[in-house]
Amino acid sequence: TTEGAAPVLLDANATVNDPELGSGFVGAINNMGGAVLTLARVGGANAQDQFSASGGTLVFTAGNVVLGGNTVGTYSTAALANGSLQITFAAGTTQADATSVLRQIRYVNTSDAPPASVAIGYTVNDGNTGSQGTGGARTGAATVTVNIAAVNDAPLAANDNEATTENAVLNASVPAATDADGTI
């Protein structure tokens, strides 16, 4: 992607797969309810990382995750404002629904001087409290890298007016100039 461009789709081929919660074997419950999907920059969340819904069948609205008109979970608005996305799936959410959510998440870095690339880690914690078997909660993880082409932003200068009388010394400050890229 390019600095200042629209958010990009993170991973259209990602899958959420949990043998006990999914539908892949006899006895599977096909219910991701209570599982938590988290996306954040590897090394720690950064407020310049912004996640959003694709605008296709996925919508984030007022803390709810809505897929095809059905609420399939909730998201933390506080985490989202701080550069991570944390979705808790609602009871009855299928593995296919969870995969569809993951495949429709978009990302943008809002910095005027972004890094050349950002690694976004995503994890799914199954939330096992014993109903899925022994061993407690388990987590699966993957990473996707977003390459970002920086743009040389033009510096900005402010006009200034000063006055003095003829043959007098002018004491004034040089007008301020700023550069979003930090090169001034």
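The preceding data block contains the structure.
These remarks concern the structure in this document. These figures come from a predicted structure and were not determined experimentally.

1. Regarding the pattern of salt bridges
Per the stated rule, a full pass over the model turns up 1 salt bridge. Between Asp-49 and Arg-41 there is a salt bridge, with its nearest N and O atoms 2.8 Å apart. Assigned by exposure class, Asp-49 and Arg-41 land together as buried.

2. Notes on the sheet that holds strand β7 (residues 84-89)
Within the open sheet, the 7 strands sit side by side as β4-β5-β6-β7-β2-β9-β10. Their pairing is antiparallel. Only two strands of the sheet have a single neighbouring strand rather than two, namely β4 (58-61) and β10 (139-147). Neighbouring strand axes in the sheet, compared pairwise and without regard to direction, differ in orientation by 25° on average. Bridging between β4 and strand β5 (residues 64-67) involves 4 bridges; their strand directions are antiparallel. Residue pairing in the sheet places Val-59 in a bridge with Val-66 of β5.

3. Quick look at the environment of Asn-46
Among the structural elements, Asn-46 can be located in the loop between β2 (36-41) and β3 (49-53). On a C-alpha basis, the gap between Asn-46 and Gly-83 in space is 4.8 Å, while along the polypeptide they are 37 residues apart. The contact partners of Asn-46, leaving out residues within four places of it in the chain, are Arg-41, Asn-82 and Gly-83. In this structure the side chain of Asn-46 is engaged in a polar contact, spanning 2.8 Å, whose partner is the backbone nitrogen of Gln-48.

4. Thoughts on the sheet that holds strand β1 (residues 8-9)
Each strand in a sheet pairs with another by means of backbone hydrogen bonds, the pair being arranged parallel or else antiparallel. The 3 strands lie next to each other as β1-β8-β3, forming an open sheet whose pairing is antiparallel. Because the sheet does not close on itself, it has two edges, and the strands there are β1 and β3.

5. A short note on the environment of Leu-170
Here Leu-170 lies in the loop between β11 (156-157) and β12 (177-178). A relative accessible area of 45% places Leu-170 in the partly exposed class. If we ignore the near neighbours within four places in the chain, the residues touching Leu-170 are Glu-162, Ala-163 and Thr-164.

6. Topic: the side chain of Asn-109
Mapped onto the fold, Asn-109 is located in strand β8 (residues 105-109). Judged by relative accessible area, Asn-109 falls into the buried class, the value being 7%. Only 3.1 Å separates the side chain of Asn-109 from the side chain of Asp-49, close enough to count as a polar contact. Within polar-contact distance, the side chain of Asn-109 engages the side chain of Tyr-107 at 3.5 Å. Ignoring any residue separated from it by four or fewer positions in sequence, one finds Asn-109 in contact with Arg-41, Gln-48, Asp-49, Pro-114, Pro-115, Val-118 and Ile-148.

What counts and what doesn't
- Along each chain, the written sequence defines residue order, and numbers are assigned to residues from 1.
- Where local features are concerned, this predicted model is filtered to residues with pLDDT of at least 70; where side-chain atom pairs are given and counted, the filter is 80 or more; whole-chain, interface and lining totals use all residues.
- Based on all heavy atoms of the structure, the side-chain values leave hydrogens and waters out of the count.
- Within this document, salt bridges are pairs made up of a side-chain nitrogen of Lys or Arg and a carboxyl oxygen of Asp or Glu, the two lying within 4 Å of each other.
- Three labels apply to residues, based on accessible area from a 1.4 Å probe with only protein chains included: buried if under 20% of the type maximum, exposed if over 50%, partly exposed otherwise in between.
- At least two bridges found by DSSP between two strands are what make those strands a pair.
- A run of DSSP states H or I qualifies as a helix once it reaches four residues; a run of E qualifies as a strand once it reaches two. Both are numbered from the N-terminal end.
- Where helices are involved, their axes are fitted lines through C-alpha atoms of the stretch in contact, as for all axes, and angles between N-to-C directions lie from 0 to 180°.
- It only takes one pair of heavy atoms within 4.5 Å for two residues to be counted as in contact.
- Contacts described as polar in this section are N or O atom pairs within 3.5 Å, which, within protein, must combine one atom able to donate a hydrogen with one able to accept it, while residues neighboring in sequence count only if both atoms come from side chains.

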